[in-house]
Amino acid sequence: MEWELVEHKASSCIIDLKLAVMSEAEVSKLSLVPKAMSTNLSITASHIASDDHWIRDDVLSWMWLESPQNISVELNIDWDHFPASDEDAAFDVAWEHVVDGKRSQWTLGTVRFPRSRDTVSAQPAQDMTTGKRVAVARDESTASVTLHIDNVSAGTFVKWTEYIPEGCTCDVTEDSGASLRKALNTQIFLWFHADSASPMRPQYTMNCAHPIEESTFDGTLEVAFGTQTKTTDIGQTVWTEFDSLLNETMRLTQPSVLQSDASNLARNDKGGSASAPATDVAFAVQLLANHRDLSQEEWSDVVGFQGRTHTIRHEGWHKHLTDDVPTYSDARVMRSDIWKNTAATDAFVTASLEGERITVQEALLISNQTWIP
C-alpha cells in the first residue's frame, strides 16, 4: 500500500491511495475505518471497479469475487476542526480475503492527518537511501548474493523484494535483522523501523537447475519515511569474481529497460517492427542438464519424459530440452504437465531468438506476450 497527500486545506485534504494485490483469492474486501471520530470525519471516495460497495457505521467497504490486480482511489477527507495533535490517525486501511477456504485479515496501514506545518527537509530521508546487489558465482549453478542498503535513517521502513528466476531456489544465509517473507518466486526482506546504526547486508544463496549465467537477477527497493515513499528498481548486479561461467552475465543482468531496448534495436536492424509480434521467438522446457549423454534406461529413470526432445551442447554441458513451441503459454502448460507426470520436477521454461538462447523476460517483451504467474 502507498498513499500520497495531493491537496491540503484548512478543513479538508485529498489523498491518493494505491494498493497492489499479489494473492489469488476467492473473495477480497477493502475497508477504510475512520479513527478520529471526534473531528466528525467525512470520507468520500472516487469510483473503484468492484463487485459490491457499501458504507456502514462510517466504514467504507469494497468487495471482489476475484482478486483485483491494482487498486487506485482518490479520497476527499473533510473534518470540522483539525486534530489537536499532528500525529492523530485519520483512518485505517484494512484488507480481508478468503484463499482456499481460509479467511485472513490485515491492517495494511494507517493514514494520518496532514501536518499543519511544512517540516519537510531539503533532502527527504528516503531519497538518501541507496541499494545495490553484489554476487559471486560459486559454481556452474550456484551464486552467493549480498544486498547492500546504505544511508538509511533511523525509523525508516525498508522493503527489498528479490525476484527469484524460474528454476532457481533462494536460501537466506543472513537476514541482517529483517523480517522474511516468501511468495511465489520472490524473497522479501522487511525492516519496519530500521536502525541506522546496524548495517543492512542481507545475504542469500541462489541454486539453479540450470547454469547461473542463464538467470536474470531483479528486485525492488522500497523506502518510506513519514508519508513519502521511494521505489527503486535494482536490476543490475555487481559481480565481484569472474570466470568462464559468467561470459554472458553482464548482458543478462542489466536493467530490464536496457534489455528491451537492445532487443528492439537488434530486431530493427533486421528490418523488423518493434511493435509487431516476433515469429522467430520460440519457447521450450529444459528437462535436464548434465555432462554426458544418457542411455534410454537412464533417461527413463532420471527424467521419464516420452515426448520429442533435442540436446544442446555448450561448454561441456548437455542441455536436454523439449521441442520448441511458439508461445510462453504453451511452454508453461507443458512444464506443468512434466512436473506432474515425470521425474523432471526441476524442469523450467526457456526461450530462444533465431535459435540463440535468451531470457524468458526478453522473449516476452520481443513477442508482445504476457507472463503468466
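Just above sits the structure.
The present account deals with the structure reproduced in this document.

Conventions used here
- Residues numbered from 1 in each chain as written.
- Predicted model: local features only at pLDDT ≥ 70, side-chain atom pairs only at ≥ 80, totals over all residues.
- Heavy atoms only, no water.
- Core = buried A, V, L, I, M, F, W, Y, C linked by side-chain atoms within 4.5 Å.
- Buried < 20%, exposed > 50% of the residue type's maximum accessible area, 1.4 Å probe, protein only.
- Helix = DSSP H or I, 4+ residues; strand = E, 2+ residues; numbered from the N terminus.
- Contact = heavy atoms within 4.5 Å.
- Phe/Tyr/Trp six-rings, centres within 6.5 Å; stacked < 30°, edge-to-face > 60°.
- Lys NZ or Arg CZ within 6 Å of the ring centre and 35° of its normal.
- Disulfide = S-S within 2.5 Å.
- Patch = residues over 30% accessible without salt bridge, like charges linked within 9 Å, V, L, I, M, F, W, Y side chains within 5 Å.
- Areas by Shrake-Rupley, 256 points an atom, 1.4 Å probe, with all protein chains shown as cover.
- Salt bridge = Lys/Arg side-chain N within 4 Å of Asp/Glu carboxyl O.
- Pairing = 2+ DSSP bridges.
- Polar contact = N/O pair within 3.5 Å; in protein donor to acceptor, adjacent residues only side chain to side chain.

1. Quick look at the nonpolar core
Soluble, globular proteins show a tendency: their nonpolar side chains are buried together.
Line of reasoning, step 1. In this structure, Ile-149, Val-158, Trp-191, Tyr-204 and Met-206 are the most contacted members of the largest nonpolar core, which totals 26 residues.
Line of reasoning, step 2. When contributions to this core are tallied by element, the ones reaching two or more residues are β10 (130–139), β11 (142–150), β12 (157–163), β13 (168–174), β15 (186–191), β16 (203–208) and β17 (218–225).
Line of reasoning, step 3. No other element matches the four residues that β11 contributes to this core.
Line of reasoning, step 4. Sequence-distant contacts of Trp-191, that is, excluding residues within four places in its chain, are made with Ile-149, Thr-156, Phe-157, Val-158, Asp-175, Ser-176, Gly-177, Ala-178, Met-200 and Pro-202.
Line of reasoning, step 5. The next biggest cluster of nonpolar side chains, apart from the first, holds 25 residues, and it includes Ile-48, Trp-62, Ile-71 and Trp-79.

2. Comments concerning the packing of aromatic side chains
For any two aromatic rings, the description comes down to two numbers: the centre-to-centre distance and the angle of the planes.
Line of reasoning, step 1. Under the defined criterion, the tally for this structure stands at three aromatic pairs.
Line of reasoning, step 2. On the basis of an interplanar angle of 55 degrees and a centroid distance of 6.1 Å, the ring pair of Phe-157 and Phe-192 is categorised as tilted. One end of the pair, Phe-157, is in strand β12; the other, Phe-192, is in the loop between β15 and β16, with 35 residues separating them in the sequence.
Line of reasoning, step 3. It is Arg-335 that lies over the ring of Trp-339; its NZ or CZ is 4.1 Å from the centre.

3. Some details on the state of the cysteines
Line of reasoning, step 1. Scanning the model with the defined rule gives one disulfide in all.
Line of reasoning, step 2. The disulfide partner of Cys-168 is Cys-208, and the gap between their sulfur atoms is 2.1 Å. Judged by the torsion about the S-S bond (105 degrees), the Cys-168/Cys-208 disulfide is right-handed. Highlighted residues: Cys-168 in strand β13 and Cys-208 in strand β16, separated in sequence by 40 residues.
Line of reasoning, step 3. What makes Cys-208 buried here is its relative accessible area of 10%.

4. Points about a nonpolar patch on the surface
Line of reasoning, step 1. Among the surface-exposed residues, Met-1, Trp-106 and Leu-108 lie close enough to one another that they form a single nonpolar patch of about 270 Å² accessible area.
Line of reasoning, step 2. By secondary structure assignment, the location of Leu-108 is in strand β9 (residues 102–112).

5. Details of the pairing of strand β23 (residues 348–353)
Line of reasoning, step 1. The element β23 is extensively covered by neighbouring structure, given that six of its six residues are classed as buried.
Line of reasoning, step 2. Here β23 shows a buried face lined by Phe-348, Thr-350 and Ser-352 and a second buried face lined by Val-349, Ala-351 and Leu-353.
Line of reasoning, step 3. One ladder, built from six bridges, connects strand β20 (residues 281–290) with β23; its direction is antiparallel. For Val-285, the partnering residue across the bridge sits in β23 and is Val-349.
Line of reasoning, step 4. Sheet topology note: the β23/strand β24 (residues 356–358) ladder contains three bridges and is antiparallel. Bridge pairing in β24 places Ser-352 opposite Arg-357.
Line of reasoning, step 5. The antiparallel hairpin formed by β23 and β24 contains two residues in its connecting segment, where Glu-354 sits at a positive phi of about 55 degrees.

6. Here we look at the side chain of Glu-96
Line of reasoning, step 1. Relative to the helices and strands, Glu-96 is located in strand β8 (residues 89–99).
Line of reasoning, step 2. A residue is classified by how much of its surface remains accessible, and Glu-96, at 14% relative accessible area, is buried.
Line of reasoning, step 3. Among the polar contacts listed, one links the side chain of Glu-96 to the side chain of Arg-103, at a separation of 2.4 Å.

7. So, the pairing of strand β7 (residues 70–78)
Line of reasoning, step 1. Side chains Ile-71, Val-73, Leu-75 and Ile-77 of β7 all project onto a buried face; the interleaved residues Asn-70, Ser-72, Glu-74, Asn-76 and Asp-78 project onto a face where none is buried.
Line of reasoning, step 2. In the sheet, strand β2 (residues 12–20) pairs with β7 via nine bridges, with the strands oriented antiparallel. From the neighbouring strand, Ile-15 faces β7, where its bridge partner is Leu-75.
Line of reasoning, step 3. Judged from the four bridges that link them, strand β4 (residues 42–45) and β7 form a sheet pairing that is antiparallel. For Ala-45, the partnering residue across the bridge sits in β7 and is Leu-75.

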